[in-house]
Structure formats: C-alpha cells, structure tokens
Amino acid sequence: MTGIFDRISTGNAGLDSILGGGLPAKRLYLIEGAPGSGKTTLALQFLLQGVKAGEPVLYVTLSETSEELSVVAASHGWNLDNVDLFELASADSVLGMGRDQSILHSWEMELGGTIDLIRQEVERVNPRRIVFDSLSELRLLAQDPLRYRRQLLFLKQFFARLDTTVLLVDDLTGATGVRDNHLHSLCHGVITLERLTLDFGAARRRMQIQKMRGVEFVAGYHDMIIRKGGIDIFPRLIAADHHADFSGDPVPSKVPALDAILGGGPQRGTTTLISGPAGTGKTTLALQYLIAACERGENTVIYQFDERVGTLISRARQLGVDLETWVDEGRLSIRQIDPAEIAPGEFAAMVRQAVEERDVRIILIDSLNGYMAAMPQEQQLILQLHELLSYLSHRGVVTLLINPQQGFFGSMNAHELNVSYIADVVILLRFFEAEGRIRKALSVVKNRSGAHEDTIRELRIDAQGLRVGAPLSDFRGVLKGTPEYLGPSTPLMEDRPGRA
C-alpha cells in the first residue's frame, strides 16, 4: 500500500521537478486546458509511469474511443496493452443498448447510471492510477450544475477510501471556457495547460500549477512542447537555486592589446555585450575568446540564431580560424537555433544542459535580435534573459552576447544600448573615417568587474586574424555619429599580406 504522504512520479521529469518530486499519492487532481493543449498526452504519460512501476491503471474515456487513444499512443511510440480502457460507448451494452447506436444513446444515458458503471469498473480493476477524460461529458449528462457537482463529490468520497491517485481531465468546453471554481476547490491540485497561437511560427504551449495542497512547487508559467515520446516541460529558471563556487579570474583572448583594455579579459561569471552595426566584426571578436578557451582545453558553445552554421564556419576559415577542428575534438559545439520554433524556456533548458552536462565555460549567443524573435513580449524577454544570465553568472560561465545595431553606421552613444544594463562589460564597435577610408573602431564603455581603458582603438581583421591597434586621438564627431579621424596616419594599421 502507498503511504498517504508518499510522492508518485507523474511520468514527466519536468513536472516532477516543478512539484519537487511528484504528486502526493491517493489524491484527486484536475488537468484543465483547451483542446490541443496536451491534456490527453500528459494523462497517458501518468498512466504509463504506473505501468512501468507494475501498478494496475485505468483510463475512463467519456469522449474518445479506444481507437482514437491508440492513435495518440502510436504517435508517441507507446503501447497501451497494459492500460485498462473503459469506454462510455462500451457501457451501452451493459445497459442493454446496441453498440451501433452508442453515439446517440451515450448522450441520453443517465448520469447516475454512468457513475455506477464507472464505480463497478474501478472495483473490478482496483487501479492505483485512474484518469477520467473528460468532465465535459459528465456536465452534459448532468444537465444541472448542482447534480453535476454532487456526483463529483461522490466520486471524490468514493476514491478517498481507495489506494488510488485520480486525474480528472477537463477541456473547458462544457463550461463555456470558464474555469469551474467549485471543481478547483474539490481537487487536491489543479494543473492548467495552455496553447498560444502566435502571429508567426509554431504554436506555443505552457503550463502552470494553479494549486497544490501541502506541496511547495515552482509557481508561474513553464514552457512546454509536445514531441514524439510525450511532453517536455521546461521548469521556469530560478538562477539563485543553481549557485556553484568558482574563481573570478579573467579570461584572456590571446590578443595582448585586447586583453590589456579589459585588464586581462572579462572575468568568469560575467556577461560581455558586443555591440555595433553589421560588418564591424562582432562575431569575429567573440570567436577570439572561444578559440582561446578551446586551446586552453575548455568546452564552449555557440547558439547561432541568425547566421547558418555552414556560413559561420566558412567565414571563420577565411579569417584563419578553423572551427571544425574544435568541433571534431568536442571542445566547441555550434547549435543552430530557429527563433520561430523555440520557446525561451526551451532555450534556457538547452543552455542548462550544456553547462551542467558538458561543463561549458564560455557561451556565445549570436544574436540578441534572434533571441528577441523567440518571444514577442519584450518586457518578458528581458526578464527571462536576465534570469538566464544570472544563472550563467552563478555557474561561473563567461557569456558573450552579440547585439546588432540598426543601420549600417551607428552612433557612438552608449545610451542606445537598451539591454546594456544586464551586461557586466560592454564593448562598442563602430566605423570611422580616416584618409578617405572606412575603418573599424573598438572601445569599452562599461566594465563592472574592474577598470578599463576609455580610449578608442582601431580594430583590424584580415586573413591572419584579429588585431587591436594603439589608442587613437584627434577624432571629430565622436558623440554625433560616425567619427572622423584627423590625426597622423602612423598609428593606423594596414592589412597584412596573406598567408602562402
């Protein structure tokens, strides 16, 4: 017998994590949500977990047939042979009704008779887990709200005497889409699933726990996806729960002039924002830190939102950087991310897996524009990104963010960086004009972890890699737009000859 305070797994690792170990056994729970939100899939996972544990389980289907359930199970590669199915249509034969008329007579059946047949089936199977799918049919049979609630109370009292954990599934259609507060009060816990249709891209799904008596759970919305094999639920990230001890030593790029600007490099556990218009070398600059980390034997990962992985590898090769070598050695992982198909919670779970399972020490997100496309609400995006960066900081990971600026030529004004407050280091790249040529400038406008230069240096990228020149002065128009260099040509750099 299962103890009254014992926990049982829901069959979903994400939901178990949110609940702190699973559901308290021998209680009545409600799973509610609109059609297509994943209720039946989650309920089947719950029953199949019972089968895995050697428990008798029962699925009472009041709307779908066994054939329809089998189709759902087959789409996930599941076998329902050890799940007892009780169909409302099959009850017609018990009441003396022809099965060829089951569709008509199922709606005319008295609610009391239906409940009695369900009770008899429960006594026959003696299940440890049972699912009722769905309550909207019971509402239709009752026709009267008071009678419907009385029968639900009877079911609750009936199961309270048994060693059974019960899931009630409600698609909200019989309740005109409005949540039944009385039903919520009857249940020990309420789990709500939602399906959101965006203006573009795949539908997003999320869940939250409305209530769970006597259980500490992670409140708020949690992103989820339905895939072959079931539902993946991604618990909302709480950075403070994942602290790990680390030393905050600087991370060098192996470009002496660049390291000197930041006092040796960005410190571990910090976030560096590399901002500038297209073509200034933001990604190349970030790659310099990743390659240096790979050479030190550290694991790194690039989350590529904008550029194709093949294009990134080809472009890096032209600059003398062979990314494929480090990919083959397992030091570098490049993940192509489609922002239209991934939810922020899923991305956060992907990052956590890289950090906790692969011991990744440097992460590059390229770029923030792509990440923003994964979430239409900008305020929520910033909050989620802030929590993700806080998590990486707690784990001692160096995070590099690429922030493309609008327009080909930008402004040197730091106040345009509307996400700069979440970064510890801000590196600004811009174009400048000198002697009739367009060149690239680099400057550090912020460094929370220590002192930094306030000069402007030239950045040069050619076939032999990246160089940072000497500090430059004699600029005009620094605060108005694209600066113009009026000083001597001696400090300016030129392209190096190509390699043989």
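Quick notes on the rules
- Residues numbered from 1 in each chain as written.
- Predicted model: local features only at pLDDT ≥ 70, side-chain atom pairs only at ≥ 80, totals over all residues.
- Heavy atoms only, no water.
- Helix = DSSP H or I, 4+ residues; strand = E, 2+ residues; numbered from the N terminus.
- Buried < 20%, exposed > 50% of the residue type's maximum accessible area, 1.4 Å probe, protein only.
- Contact = heavy atoms within 4.5 Å.
- Areas by Shrake-Rupley, 256 points an atom, 1.4 Å probe, with all protein chains shown as cover.
- Axes fitted to C-alpha atoms, helices over the stretch in contact; angles between N-to-C directions.
- Parallel < 35°, antiparallel > 145°, perpendicular 65-115°, else oblique.
- Nonpolar A, V, L, I, M, F, W, Y, C, P; charged D, E, K, R; others polar.
- Salt bridge = Lys/Arg side-chain N within 4 Å of Asp/Glu carboxyl O.
- Left-handed = near helix turned anticlockwise from the far one by under 90°.
- Pairing = 2+ DSSP bridges.
- pLDDT = per-residue confidence, 0-100.

The number of helices and strands found in the chain is 16 helices and 22 strands. Within the chain, the proportion of its 500 residues that are buried is 53%. For the chain, the proportion of contacts with a sequence separation of at least 24, taken over those separated by at least 6, is 69%. Accessible surface, the chain as shown: approximately 22100 Å² in total, 50% of it carbon and sulfur.

Close contact between helix H6 (residues 111-125) and helix H7 (residues 135-142) brings their axes to 9 Å; oriented N to C, the two are set at 140°. Judged on the interaxial angle alone, H7 and H6 are oblique. Contacts between H6 and H7 pair Leu111, Thr114 and Ile115 from the former with Leu138, Leu141 and Ala142 from the latter. The residue inventory of the contact of H6 with H7, partitioned by class, reads five nonpolar, one polar and no charged.

This paragraph deals with the pattern of salt bridges. For the coordinates displayed, the defined rule picks out 24 salt bridges. Where arginine 119 meets aspartate 116, a salt bridge forms, and the shortest distance between an N and an O atom there is 2.3 Å. In this pair, arginine 119 and aspartate 116 both sit in helix H6, three residues apart, roughly one turn of the helix. Judged by its relative accessible area of 23%, arginine 119 is partly exposed. With relative accessibility at 29%, the residue aspartate 116 sits in the partly exposed group. Salt bridges sharing partners connect three or more residues here, namely Arg437, Arg439, Glu458, Arg460 and Glu494.

Okay, the packing of H6 against helix H8 (residues 145-160) next. Contact geometry of H6 with H8 gives a least axis separation of 11 Å together with a crossing angle of 15°. By the angle between their directions, the pair H6 and H8 is classed as roughly parallel. Here the hand of the crossing between H6 and H8 comes out right-handed. For the pair formed by H6 and H8, the contact residues are Leu111, Gly112, Ile115, Arg119, Val122 and Glu123 on the first element and Arg147, Tyr148, Gln151, Phe154, Leu155, Phe158 and Phe159 on the second. Residue composition of the contact of H6 with H8, by class: eight nonpolar, two polar and three charged.

Among the eight residues that make up strand S20 (residues 465-472), six are buried, leaving the element largely enclosed by the rest of the structure. Where strand S19 (residues 456-462) lies against S20, six bridges are found, and the strand directions are antiparallel. If you follow arginine 460 over to S20, its bridge partner there is arginine 467. Hairpin connection between S19 and S20: a loop of two residues separates the two successive antiparallel strands.

Strand order across the open sheet formed by nine strands is S5-S4-S6-S7-S3-S8-S9-S10-S11, with mixed pairing between neighbours. Single-partner strands in this sheet number two, and they are strand S5 (84-87) and strand S11 (230-234). Averaged over all pairs of adjacent strands, the angle between their axes in this sheet comes to 20°, without regard to strand direction. The pairing of strand S9 (residues 204-212) with strand S10 (residues 222-227) spans three bridges and is classified as antiparallel. In the sheet register, methionine 207 faces S10, and the bridge partner there is histidine 222. Its contacts with the sheet place helix H14 (residues 344-358) against S9, S10 and S11, and it is angled at close to 90° to S10.

The α-helix advances 3.6 residues per turn, and as a result positions three or four apart in sequence lie on the same side. Where burial is concerned, most of H7 is hidden: seven out of the eight residues are buried. Residues of H7 that are buried: Leu135, Ser136, Glu137, Leu138, Arg139, Leu141 and Ala142. Trailing H7 by a residue or two, glutamine 143 shows a phi angle of about 65°, which is positive.

With that out of the way, let us pick up the confidence of the model for the chain. Per-chain confidence: the chain averages 85 in pLDDT, with 87% of residues scoring 70 or above. Counting contacts from residues 91-108, a segment whose pLDDT is below 50, to residues more than four positions away or on other chains yields 20 contacts. Between residues 411-417, whose pLDDT stays under 50, and residues either more than four places distant or in other chains, the model counts 18 contacts.

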